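Chain by chain, the residues run as shown.
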Amino acid sequence: MVSRVIPVDPFDLTIFGGTGDLATRKILPGLFRRHLSGQMPHEAQIIGAARSELSDEEYRDIVRAAIAEFGAIDHSDSDVDEFLSRVSYLHVDAKGSAGWAALKSKMRDGYVRAFYFSVAPALFGDLAERLHEHDIAQRDSRIVVEKPFGKDLETARALNATLAKHFREDQIYRIDHYLGKETVQNLMAVRFGNMLFEPLWNAQFIDHIQITVAETVGVGGRGGYYDQSGAMRDMVQNHLMQLLCLIAMEPPSKFDPDAVRDEKLKVIRALDPVEPHHLVRGQYSADGEQPDYRSAVDNPRSRTESFVALKTHISNWRWAGTPFYLRTGKRMRARSSEIAVVFKETPHSIFGPDAGSHRNALVIRLQPDEGITLDVTIKEPGPGGMRLVDVPLDMTFAEALGPDAETAPEAYERLIMDVIRGNQTLFMRGDEVEAAWSWTDPIIQGWEARNDVPKPYDSGSSGPEDALMLLHRDGRKWREIR
Ligand code: NAP
């Protein structure tokens, strides 16, 4: 398979927070890979901006080191030099006047103008305001806003209102990097590009859906931030919610930003509240080498969850009666993100009770090894009667697509190219984010009012025992995390 790389229009991309963790780990190495692929035009200009006083050369050294560490793919020194010739640095203070005149003088007429806000959310409003005050943002300039987008409905509304003072909705790109993953887009291709699945995609044929995002890492150096946030705000409100929307939404009339986002919004608005007994929160315990959650965040009385599992329903014709089970956690058994669509059993087994119970499952794996598997029931090979066994029809993209899978853009790079192209399909709209908080807020308020204390769970496990019971009570079980 030969993939086509279509270069984007020439652009000026300013990365506020250009020296930070996200910029050096994801954004800049991602842009470098787009440069290698030929998608970044020669006239592209990348400007790193932060408060540190650095020369262009000092900044290029930082970017060079970031590429060496995170650039992954094979490259030569001259590739890096060519990329770096497009990179420069400006000392800019989001809260002060330093650097803004210099930034304005770097902007070129007739080029796409994009500004990546890779800084703390508290600075988003300052950046938006100054870009206007200094007449740097134009009518078609774009801003890219990182998560977290607020910490509840009220703060998300306030943030939307602040950005809306200076930018129209079609200029604002709220990033959720899960939407940039190849598999997530493939989920839409599988659903809406094949006749096979969509007729079965409803409560009549689907028993339940599981969405799991398991991490092996703990809170690491983000303890202070994480303890104010927790798994519900950090993962469920955004990443898991986005996955749920794509799985559950009606087919949009076309693959167009607002058509897709309108359908996602309808899903969020149709989500049922979560009953307290359909919710499990956990905190990881220490293991031999790593501290427990409370020590890791340096808060011995913390009630913030590093794990959450819940059951919800979507109240509409398509999904009435099909439970959606969501779980996410840190320090789990394996790093694994997947969506499992578990179909119902056949209405009657012609093979008798000994054949056991079998359910087809379509599993969309986001990490590791992005791909899609369909568990199909077949006859166990060999003599001795009709015994049934479930085998996976496996479409691991790396195998199915060959070298193209290796060079496929990673989430961040794909999304940045979408920003330059002006395509908002894979970005969250303001009303979507607010609707997601409207669903999440009462759940959080509920456990706060109940003074709920998260259950401890072993590091390296699948979460607290109660999470297993959540499905067990319904006669179902979670797929193994591996
Ligand atoms: P970080 O490592 O702390 O970097 C923050 C950056 O902002 C630095 O370059 C810093 O440089 C700059 N900065 C701070 N104050 C500034 C000011 N007044 N004016 C201009 N620049 C200023 O943070 P990060 O981890 O990269 O995160 C950036 C954003 O991405 C945050 O909103 C975060 O929530 C989000 N995010 C990060 C990740 C991740 O994996 N890191 C993942 C998802 C979302 P100076 O101090 O030199 O100014």
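Residues numbered from 1 in each chain as written. Predicted model: local features only at pLDDT ≥ 70, side-chain atom pairs only at ≥ 80, totals over all residues. Heavy atoms only, no water.

### Some details on the site of the ligand
Moving on, step 1. Around the ligand, a shell composed of 21 residues is seen, among which Thr19, Asp21, Arg25, Ser52 and Val119 lie nearest.
Moving on, step 2. Aspartate 21 places a polar side-chain atom, nitrogen or oxygen, 2.7 Å from a nitrogen atom of the ligand.
Moving on, step 3. Here leucine 22 contributes a backbone N or O atom positioned 2.8 Å from an oxygen atom of the ligand.
Moving on, step 4. Sort the elements by how many residues they give to the shell around the ligand and helix α1 (residues 21-37) lands first, with 3 residues.
Moving on, step 5. For the shell around the ligand, a count of residues per class yields 9 nonpolar, 6 polar and 6 charged. (Near = heavy atom within 4 Å. Polar contact = N/O pair within 3.5 Å; in protein donor to acceptor, adjacent residues only side chain to side chain. Helix = DSSP H or I, 4+ residues; strand = E, 2+ residues; numbered from the N terminus. Nonpolar A, V, L, I, M, F, W, Y, C, P; charged D, E, K, R; others polar.)

### Points about the domain arrangement of the protein chain
Moving on, step 1. Each domain of the protein chain was delimited in the assignment, giving domain 1 (11-146) and domain 2 (179-472).
Moving on, step 2. Listed by partner, the interface residues are 16 residues for domain 1 and 12 residues for domain 2.
Moving on, step 3. Its salt-bridge partner being arginine 33, residue glutamate 410 comes within 3.1 Å of it at the nearest N-O pair.
Moving on, step 4. For the pair domain 1 and domain 2, the interface holds 6 residue pairs in polar contact (both at pLDDT 80 or more).
Moving on, step 5. For the side of domain 1 that touches domain 2, the secondary structure elements donating two or more residues are β1 (11-16), α1, β4 (112-117) and β5 (142-145).
Moving on, step 6. Of all the elements, α1 adds the most residues to the side of domain 1 that touches domain 2, at 7 residues.
Moving on, step 7. For the side of domain 1 that touches domain 2, the residue count by class is 9 nonpolar, 2 polar and 5 charged. (Domains from an automatic or database assignment. Contact = heavy atoms within 4.5 Å. Salt bridge = Lys/Arg side-chain N within 4 Å of Asp/Glu carboxyl O.)

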